[in-house]
Amino acid sequence: MRVGSLVVCAILITVTGYAKAQTSRPNPRERGMLSTLRPGHPRLIGLDSDLQRCKDMIARYPQAREWRDKLRATAEQYLTEPPVEHVLIGPRLLTQSRRAMNRIYALALMYRLDGDKRFADRARTEMLTACAFKDWNPSHFLDVAEMTHAMAIGYDWLYDTLNRDDRKTIRTAIVNLGLREGEKVYRAKGWWTTSAFNWNQVCNGGMTIGALAVADEEPDLAAYIVSQAVKNVPMAMASYAPDGGWAEGPGYWTYATDYNVYMLAALESALGTDFGLSKAAGFKESGLFRLHFAGPTGRTFNFADAGDKAGGTPILMWMARRYHQPLDAWIERHSANGSNALDVLWYAPEGKGPVDDKEPLDAYYKGIQAAFFLTAWDDPNATFVGFKGGDNAANHSHLDLGTFVVDADGVRWAVELGSDDYNLPGYFGKQRFTYYRLKTEGQNTILLDGANQAEKAKAPIIAFSSTPQRAFAVADLSAGYAKQATTVKRGIALLRRRDVLIQDELTAPRPLEYVWMMHTEAEVSVSGATATLKRSGKTLTARILSPANARFEVGVTTQGSKENPNKGITKLLVRLPDKTSSARVVVLLSPGAGEPGSPDVKPLAEWK
């Protein structure tokens, strides 16, 4: 009976357009969630009052005017470009969904600010083109969520410029190509509905925004969608606890947090409440995670599937106002390029920077077991270290327990290679950890007997200290190497706010091969226990302090035709002359031409 009912419902979707028969009457609690729905349009994210505030910011602040001008230039460029197409890259329509979203936000906001009908007309063309697609690729639901978001913003912000037929066409697509597809997943309890990471926020967020856009015409469906999203998104928001870190890495922190904020902002603007979601533990602190994970070179500690460009995200402006945290706004004003519509809409002039805010130079994120160290906030040549233990089973993780990056003198010396092509065979399946950039061999960590770390291992940071002269963290990596060793620990210290010391200690039940690895874009020359790295006219010296018989080598990172060839990357190795069952390996990285330090080598147990 259940299967037959679903077949009938599927036929109704195809034949009748809205297919109201599929949605059962919402219960009183669900129906009550829309009782405060703002009548009319716009109601999503940017109300008319927000628009007036935006105009005031543009009038008062040169940076806001500069960003408005950049956005207008971007919108002018969109006028000359063809609309989106139903073209998949691999299994994804996502490039087209994001293209539509970026264009519609920019075009619609510029119309609302300047009244130039060309922008509204071009946004209409974009929407009608996407709404004529056969589908929004529900097999990869992020595509549906982002396209629904895009259409909902255009429908809501440009409602008064659309004729009755246009409204019906766009509304029907939001319902049939977006919300009905979401409803199917909710009723089947699909995996992303309760995921702990970015798919949850993106999909629930996109569905929420679409539902709120058409809630007056489709109240039952909208009530069901919103109730499901509000119930489910806390499962992902719990991943920010307790301190705002994000285990998927900086890139997916941005993606997940962007959609989390889009959802909260839309609920607040349309309903006057976010149902307490913005009070989730760790969420308001997450803006500072964005501050700490980027070094003075403008590159992030890009662990997991992440690129290393820091960039900006306008949700920091929203967070600054929502949580009365001006430093968040400062971060965005010093990171964004100003071409994002929400940077213009949400512009916030508050905040004087981390120096004035007395933000600590070092940070330990307990939730993700990562630590960051910095010489100074206001020095572009500062030494910066990102270091993690972490969880190899976290979404998008690489087998990288113990990995690190180092900036000094304006150069990124130790680099994380980041993700490879998502369309590689089995990239998110059984072949994932056969690819160089994802397996242990491709990280700045320890390789034992040439084997990968355990795929479900966790590595806690067991010690952390921050003082003016010495800051450090120690991670217990033992679980990652449980098949080879008894204990494996790594400590990283920032000495004299300049030099970086990496110390490994291991014991094993039998002799094994130990290899220390660091990937770099620098030119490398080695001479016994010393290696000299040169890049951009700067120099960094690496010295092996222990054991006396260890030597540096240069390794190979070039891969086959399908993988990223890692062009321009050199791998600096420390290899012991013999297999060992007990070792303490200590490497000191000293930037600049000055005299390197000569720290005493002490057991990690004494660091505490």
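The sections below set out a description of the structure shown in this document. From a predicted model like this one, the values you see are computed outputs, not experimental measurements. (Residues numbered from 1 in each chain as written. Predicted model: local features only at pLDDT ≥ 70, side-chain atom pairs only at ≥ 80, totals over all residues. Heavy atoms only, no water.)

1. Section: empty space enclosed by the protein
Defined as follows: Definitions used for this entry: grid spacing 1 Å over protein atoms alone; cavity, a set of points where a 1.4 Å probe fits but cannot get out; pocket, an open set with protein on both sides within 12 Å along at least 5 of 7 lines; lining residue, one with an atom within 4 Å of a point. Grid points are joined across faces, edges and corners, and a volume is the space filled by probe spheres set on the points. Each residue gets one of three labels, nonpolar for Ala, Val, Leu, Ile, Met, Phe, Trp, Tyr, Cys and Pro, charged for Asp, Glu, Lys and Arg, and polar for the others, Gly among them.
Here the structure, examined in full by the defined rule, presents one cavity of 30 Å³ or more. If you add up the space inside the largest cavity, you get close to 40 Å³. Lining the largest cavity are His292, Ala294, Gly295, Leu361, Phe372, Leu374, Trp377 and Phe384. Classifying every residue of the lining of the largest cavity gives six nonpolar, two polar and no charged.

2. A few points about the layout of surface pockets
The test is simple: Numbering of helices and strands runs from the N terminus, with a helix taken as a DSSP run of H or I at least four residues long and a strand as a DSSP run of E at least two residues long.
Volume-wise, the second largest pocket comes out at about 410 Å³. Around the second largest pocket, the lining is made up of 22 residues, and of these Leu291, Gly295, Pro296, Trp330 and Trp377 lie nearest the centre. Within the residue set of the lining of the second largest pocket, elements represented by two or more residues are helix 13 (286-292) and helix 15 (326-333). Counted by class, the lining of the second largest pocket contains twelve nonpolar, five polar and five charged residues.

3. Considering unusual backbone geometry
With an omega of 0°, the peptide bond between histidine 41 and proline 42 qualifies as cis. With an omega of 0°, the peptide bond running from alanine 241 to proline 242 counts as cis. Its place among the elements puts proline 242 in the loop between helix 11 (234-237) and helix 12 (250-271). Even without a glycine there, the phi angle at aspartate 409 is positive, about 55°. By secondary structure assignment, the location of aspartate 409 is in the loop between strand 5 (404-408) and strand 6 (411-414).

4. Notes on the environment of asparagine 452
Let me state the cut-off plainly: Accessibility here uses a 1.4 Å probe with only protein chains present; expressed as a share of the type maximum, an area under 20% marks a residue as buried, one over 50% as exposed, and anything in between as partly exposed. Contacts between residues were defined by any pair of non-hydrogen atoms, one from each residue, lying within 4.5 Å. Under this definition, polar contacts are N or O atom pairs within 3.5 Å; protein pairs additionally need one hydrogen-donor-capable and one acceptor-capable atom, and for neighbouring residues in sequence, both atoms have to be side-chain atoms.
By the secondary structure assignment, asparagine 452 is in the loop between strand 7 (446-448) and strand 8 (458-459). Assessed through its relative accessible area of 29%, asparagine 452 is described here as partly exposed. Along the backbone, asparagine 452 and lysine 231 are 221 residues apart, and their C-alpha atoms lie at a distance of 38 Å. Setting aside its immediate chain neighbours within four residues, asparagine 452 contacts Leu399, Phe433, Lys439, Thr440 and Gly480. In terms of polar contacts, asparagine 452 uses its side chain to reach the backbone carbonyl oxygen of phenylalanine 433, at 3.0 Å. Side-chain polar atoms of asparagine 452 contact the backbone nitrogen of threonine 440, separated by 3.0 Å.

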